[in-house]
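Notes for the structure review
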Amino acid sequence: MNDDEFAPVDFWTALLRGWCGRCPRCGEGALFGRFLKMQSRCPACDQALEPYRADDAPAYFTIFTVGHIIVPLVLIVERYGQTPPLWFHALLWLPLSVLLALYLLPHIKGAVIALLWTHRIAAPKPSAGGLDGAP
């Protein structure tokens, strides 16, 4: 199948499909084979997904998001909770931060891959001559 057989996908639809872990082109095939292991091709529409590498962006966005959710909550509890002990903070915020990060990371990675796909930003192919181009 080629791109002409599929209706054009608008930006927000592709982003939502990526967020849900689906192929940004067809919305049917799974984007990930395992927890964060991206499939090389969509099993439903055969779209090549391997060129759209998210690299470290999802981790940065996840840390940014988790920090902006957890830190205000910590400050609210500290302010209105009559200064709870440190063990209480550790018992509450560490597991919550880890669970939130584990929940958000595949969603954010899928959205980043969909963003790269919509803008056709594929990873460059490695040259045969090595890093500096020398044979």
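Above: the structure in question.
What comes next concerns the included structure. For clarity, every value in this text was computed on a predicted model and none was experimentally measured. (Residues numbered from 1 in each chain as written. Predicted model: local features only at pLDDT ≥ 70, side-chain atom pairs only at ≥ 80, totals over all residues. Heavy atoms only, no water.)

**Let's talk about the overall build of the protein chain**
Helix and strand content of the protein chain: three helices and zero strands. Listed by position from the N terminus, the elements making up the protein chain come as α-α-α. Buried positions account for 28% of the 135 residues belonging to the protein chain. A fraction of 52% describes how many contacts in the protein chain between residues 6 or more apart in sequence connect residues 24 or more apart. (Helix = DSSP H or I, 4+ residues; strand = E, 2+ residues; numbered from the N terminus. Buried < 20%, exposed > 50% of the residue type's maximum accessible area, 1.4 Å probe, protein only. Contact = heavy atoms within 4.5 Å.)

**What to know about the packing of helix α1 (residues 11-19) against helix α3 (residues 86-118)**
At their nearest, the axes of α1 and α3 sit 7 Å apart, and the two run at 145 degrees to each other. In the crossing of α1 with α3, the sense of the turn from one axis to the other is right-handed. Across from Phe 11, Ala 14, Leu 15, Gly 18 and Trp 19 in α1, the residues of α3 making contact are Leu 104, His 107, Ile 108, Gly 110, Ala 111, Ala 114, Leu 115, Trp 117 and Thr 118. In the contact of α1 with α3, the residues fall into ten nonpolar, four polar and no charged. (Axes fitted to C-alpha atoms, helices over the stretch in contact; angles between N-to-C directions. Left-handed = near helix turned anticlockwise from the far one by under 90°. Nonpolar A, V, L, I, M, F, W, Y, C, P; charged D, E, K, R; others polar.)

**Quick notes on the nonpolar core**
The biggest cluster of nonpolar side chains holds 21 residues, and the ones touching the most others in it are Cys 42 and Ile 113. Of all the secondary structure elements, the ones that give two or more residues to this core are α2 (57-80) and α3. Looking at this core element by element, the count peaks at eight residues for α3. Apart from the residues within four sequence positions on either side, Ile 113 is in contact with Leu 31, Phe 32, Met 38, Tyr 52 and Ala 54. (Core = buried A, V, L, I, M, F, W, Y, C linked by side-chain atoms within 4.5 Å.)

**With respect to the packing of aromatic side chains**
If you walk through the whole model with that rule in mind, you get two aromatic pairs. Consider the rings of Phe 11 and Trp 12, whose centres lie 4.9 Å apart with planes at 80 degrees: the pair is edge-to-face. For Phe 11, a relative accessible area of 28% translates into the label partly exposed. Its end group placed over the ring of Tyr 80, Arg 79 keeps NZ or CZ at 5.3 Å from the ring centre. Its guanidinium or amino end placed over the ring of Trp 117, Arg 120 lies 4.5 Å from that ring's centre, counting from NZ or CZ. (Phe/Tyr/Trp six-rings, centres within 6.5 Å; stacked < 30°, edge-to-face > 60°. Lys NZ or Arg CZ within 6 Å of the ring centre and 35° of its normal.)

**Quick notes on α2**
Given a rise of 1.5 Å per residue, 24 residues ought to cover 34 Å, and the 35 Å separating the end C-alpha atoms of α2 matches this to within 8%. Within the sequence span of α2, burial applies to Pro 58, Thr 62, Val 66 and Ile 70. Two residues or fewer past α2, Gln 82 is found with a positive phi of approximately 55 degrees. (Expected span 1.5 Å × (residues − 1).)

**Examining α3**
Compared with the 48 Å implied by 1.5 Å per residue over 33 residues, the 45 Å span of α3 between its first and last C-alpha is a close match. Its axis deflected by about 30 degrees at Leu 104, α3 carries its strongest bend there, up to four residues before the proline Pro 106. Looking one or two residues past α3, Arg 120 carries a phi angle of roughly 55 degrees, positive in sign. (Bend = angle between axes of the 7 residues up to and from the residue.)

**Looking at unusual backbone geometry**
Phi at Asp 55 takes a positive value of approximately 50 degrees, unusual for a residue other than glycine. Tracing the backbone through its elements, the reader meets Asp 55 in the loop between α1 and α2. Residue class for Asp 55 comes out exposed when judged on its relative accessible area of 55%. Located in the positive-phi region is Arg 120, a residue other than glycine, with phi close to 55 degrees. Within the element layout of this structure, Arg 120 appears in the segment after α3.

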